[in-house]
Number of protein chains: 2
Amino acid sequence: MKLLEDRIKKDGQVLGAEVLKVDNFLNHQIDPDLMTALGQEFYQQFADAKITKILTVESSGIAPALATGMAFHVPVVFARKHKSLTLKDDLYTAEVYSFTKKTSNQIAIAQKFLQADDTVLIIDDFLANGQAVEGLIDIIGQANATLAGVGIVIEKSFQKGRKLLDERQIKTVSLARIKAFVDGQIEFEEED
Amino acid sequence: MKLLEDRIKKDGQVLGAEVLKVDNFLNHQIDPDLMTALGQEFYQQFADAKITKILTVESSGIAPALATGMAFHVPVVFARKHKSLTLKDDLYTAEVYSFTKKTSNQIAIAQKFLQADDTVLIIDDFLANGQAVEGLIDIIGQANATLAGVGIVIEKSFQKGRKLLDERQIKTVSLARIKAFVDGQIEFEEED
């Protein structure tokens, strides 16, 4: 998606060989008009999939997921990473390992918000090693719901997440696909 | 706001004398169309204030804040409660005490996202004792930015947050104002 690639080139900061900082428009400060555009693009890509629910993880997934939910007019559910006073009983949970933080986190959603007749689109801000998405897919399986696909804002194609999803034949749409960071510059994959 | 009050009556769960659970449309599962309506209402209420930035706290504030940012077409910044690998330097921070959890949390935003020439609208999901909003106001002060006002989705008027803001003559717009929970029923304040 050219709009997004241009924005990443303009505002993204490459830190080392693997980290891209996009806190200017996605992760900390959010550009609402860009989110609307991303949500509409995900809608175009999954319009025929009869999506009934958008699923993401707090916190950075919420903005693109909400914009996508606005385009589909379906509810958005965000998995919580941190224990909540009012989120206690009847949970689906999954363990999510973070390669960057080298710790494992539990993510959780209330069972009542995911049903066997749901067709779910997962939305997340980044796809790197794919652990968060795998955790969400695990939860969708526990609920016997249907996974329609995965929508990612920024994919780091050189890490293993995309490969894992392709091997499982899951439809994955990433709006920007980064092939490599070379000397602090961003190389995008060619569009299909 | 009648649309919101009706939704609270329909889907809100009263737990004891002080807690309202609205995880069906605001805190865990989010209704995107309702968020759009809330954002437009905040826009109506602050349309003349020359807002340049929306400020909130992760995670539950992000959805109403983003919808409000969409209505104003201005950036949304969410303060982080948890330390982030890429959020380290040049921060404004404030301590936020949680009466429910009885712990103190630090919230932080990168200094570069709040400037002295910003006019800021704070948006949050709940106003109870007002500690999160006070923390955000503190941060706005550190940046020498201008506070235009506070927009709250659900105010529990029987707790002290609203009184604190009124005493400081801060314009506060709460779209639903709850006077009391009586026998598990919700009593709203009369509209002005």
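Residues numbered from 1 in each chain as written. Chains lettered and ligands numbered in written order. Predicted model: local features only at pLDDT ≥ 70, side-chain atom pairs only at ≥ 80, totals over all residues. Heavy atoms only, no water.

(A) Summary view of the pattern of salt bridges. Enumeration over the complete set of coordinates arrives at 26 salt bridges over all chains. The shortest N-O distance in the salt bridge between Asp23 of chain A and Lys112 of chain B comes to 3.6 Å. One end of the pair, Asp23 of chain A, is in the loop between strand E2 (19–21) and strand E3 (29–30); the other, Lys112 of chain B, is in the loop between strand E7 (103–110) and strand E8 (119–127), on a second chain. Relative accessible area serves as the criterion here: at 43%, Lys112 of chain B is assigned to the partly exposed category. Among the ionic pairs, Glu134 of chain A bridges to Arg168 of chain A, the shortest N-O distance being 2.5 Å. With Glu134 of chain A in helix H4 (residues 131–142) and Arg168 of chain A in the loop between helix H5 (161–167) and strand E10 (172–182), this pair connects stretches of sequence that are 34 residues apart. Overall, Arg168 of chain A belongs to the partly exposed group, its relative accessible area being 44%. One connected set of salt bridges, linked through shared partners, spans Arg7, Lys10, Asp11 and Asp31 of chain A. (Salt bridge = Lys/Arg side-chain N within 4 Å of Asp/Glu carboxyl O. Helix = DSSP H or I, 4+ residues; strand = E, 2+ residues; numbered from the N terminus. Buried < 20%, exposed > 50% of the residue type's maximum accessible area, 1.4 Å probe, protein only.)

(B) Inspection of helix H3 (residues 62–72) of chain A at higher detail. All names here are of chain A. Among the eleven residues of H3, ten are classified as buried, and the element is accordingly described as predominantly covered. All buried positions along H3 are accounted for by Ile62, Ala63, Pro64, Ala65, Leu66, Ala67, Thr68, Gly69, Met70 and Phe72. The first or second residue beyond H3 is His73, which carries a positive phi of 55°.

(C) Here's a closer look at the sheet that holds E8 of chain B. Spatially, E3(A)-E5(B)-E4(B)-E8(B)-E9(B)-E10(B)-E11(B) is the arrangement adopted by the seven strands of the open sheet, whose pairing is mixed. Looking at strand neighbours, the two that pair on one side only are E3 of chain A together with strand E11 (185–188) of chain B, the edges of this open sheet. Inspection of the sheet shows E3 of chain A paired to strand E5 (residues 76–79) of chain B by two bridges, in the antiparallel sense. Within E5 of chain B, the position partnered with Ile30 of chain A by the bridge is Val76 of chain B. In this fold helix H2 (residues 32–46) of chain B packs onto E8, strand E9 (146–156) and strand E10 (172–182) of chain B, with an angle of close to 135° to the strand it touches most, E9 of chain B. In the packing of helix H4 (residues 131–142) of chain B onto the sheet, the strands contacted are strand E4 (53–57), E5, E8 and E9 of chain B, and the crossing angle to E8 of chain B comes to about 165°. (Pairing = 2+ DSSP bridges. Contact = heavy atoms within 4.5 Å. Axes fitted to C-alpha atoms, helices over the stretch in contact; angles between N-to-C directions.)

(D) Structural view of the UniProt feature "binding site: xanthine" (unreviewed entry) in chain A. Those residues carrying the UniProt feature "binding site: xanthine" (unreviewed entry) are Leu20, Asn27 and Lys156 of chain A in this numbering. Position of Leu20 of chain A relative to the elements: it lies in strand E2. Leaving out residues up to four positions away in the same chain, Leu20 of chain A has contacts with Ile8, Gly12, Gln13, Val14, Phe126, Ile154, Ile178, Phe181 and Ile186 of chain A. Classification of Asn27 of chain A as buried rests on a relative accessible area of 13%. Aside from chain neighbours lying at most four places away, what touches Asn27 of chain A is Val22, Ser60, Asp125 and Phe126 of chain A together with Phe78 and Arg80 of chain B. (UniProt positions renumbered as here; feature names shortened; annotations may be inferred.)

(E) Region of interest: the relation of the copies chain B and chain A. Least-squares fitting of chain B to chain A yields an RMSD of 0.0 Å, with the superposition described by an axial translation of 0.0 Å and a rotation of 180°. Considering both components of the superposition, the chain copies are consistent with a two-fold axis. Of every C-alpha in chain B, the one belonging to Ser59 of chain B sits nearest the axis of rotation, 2.8 Å from it. A share of 100% of interface residues in chain B that are also interface residues in chain A marks the association as one of identical surfaces. (Least-squares fit on C-alpha atoms with pLDDT ≥ 70 in both.)

(F) The interface of chain B and chain A, seen in detail. Listed as interface residues are 41 residues of chain B and, on the opposing side, 41 residues of chain A. Carbon and sulfur atoms supply 62% of the area that chain B and chain A bury against each other, a total of about 3,400 Å² over both sides. Along the contact surface separating chain B from chain A lie two salt bridges. If you look at where chain B meets chain A, you find 17 residue pairs in polar contact (both at pLDDT 80 or more). Elements with a minimum of two residues in the side of chain B that touches chain A: strand E2 (19–21), strand E3 (29–30), H2, helix H3 (62–72), E5 and E7 of chain B. Classifying every residue of the side of chain B that touches chain A by side-chain character gives 20 nonpolar, 13 polar and eight charged. (Buried area = accessible area lost by both parts, 1.4 Å probe. Polar contact = N/O pair within 3.5 Å; in protein donor to acceptor, adjacent residues only side chain to side chain. Nonpolar A, V, L, I, M, F, W, Y, C, P; charged D, E, K, R; others polar.)

(G) Just the sheet that holds strand E11 (residues 185–188) of chain A, in detail. What the seven strands build is an open sheet, ordered E11(A)-E10(A)-E9(A)-E8(A)-E4(A)-E5(A)-E3(B); its pairing is mixed. The open sheet has two free edges, formed respectively by E11 of chain A together with E3 of chain B, since each of these has just one partner strand. Relative to strand E8 (residues 119–127) of chain A, strand E4 (residues 53–57) of chain A runs parallel, the two being bridged by three bridges. By the bridge assignment for E8 of chain A, Lys53 of chain A is matched with Val120 of chain A. Helix H2 (residues 32–46) of chain A rests against E8, strand E9 (146–156) and E10 of chain A of the sheet, and its axis sits at about 135° to E9 of chain A. Packed onto the sheet, H3 of chain A meets E4, strand E5 (76–79), E8 and E9 of chain A together with E3 of chain B and runs at close to 175° relative to E4 of chain A.

(H) Main features of the side chain of Ser60 of chain A. For Ser60 of chain A, the position within the fold is in the loop between E4 and H3. One polar contact links Ser60 of chain A to Asn27 of chain A, side chain to side chain, over a distance of 3.4 Å. Ignoring sequence-local partners within four residues, the contact set of Ser60 of chain A consists of Asn27 and Asp125 of chain A together with Arg80 of chain B.

(I) Main features of the nonpolar core. One finds Leu4, Leu20 and Met35 of chain A together with Leu4 and Met35 of chain B to be the most contacted residues of the largest nonpolar core, which totals 79 residues. Contacts of Leu4 of chain A, omitting those with residues within four sequence positions, involve Phe25, Leu34, Leu38, Val153, Leu175 and Ala176 of chain A. (Core = buried A, V, L, I, M, F, W, Y, C linked by side-chain atoms within 4.5 Å.)

(J) Structural detail: the side chain of Asp11 of chain A. Residues and elements named next belong to chain A. Mapping Asp11 onto the fold places it in helix H1 (residues 2–11). Of the polar contacts made by the side chain of Asp11, one reaches the side chain of Arg7; its length is 2.7 Å. The residues touching Asp11, leaving out its near neighbours within four places in the chain, are Lys21, Asn24 and Phe25.

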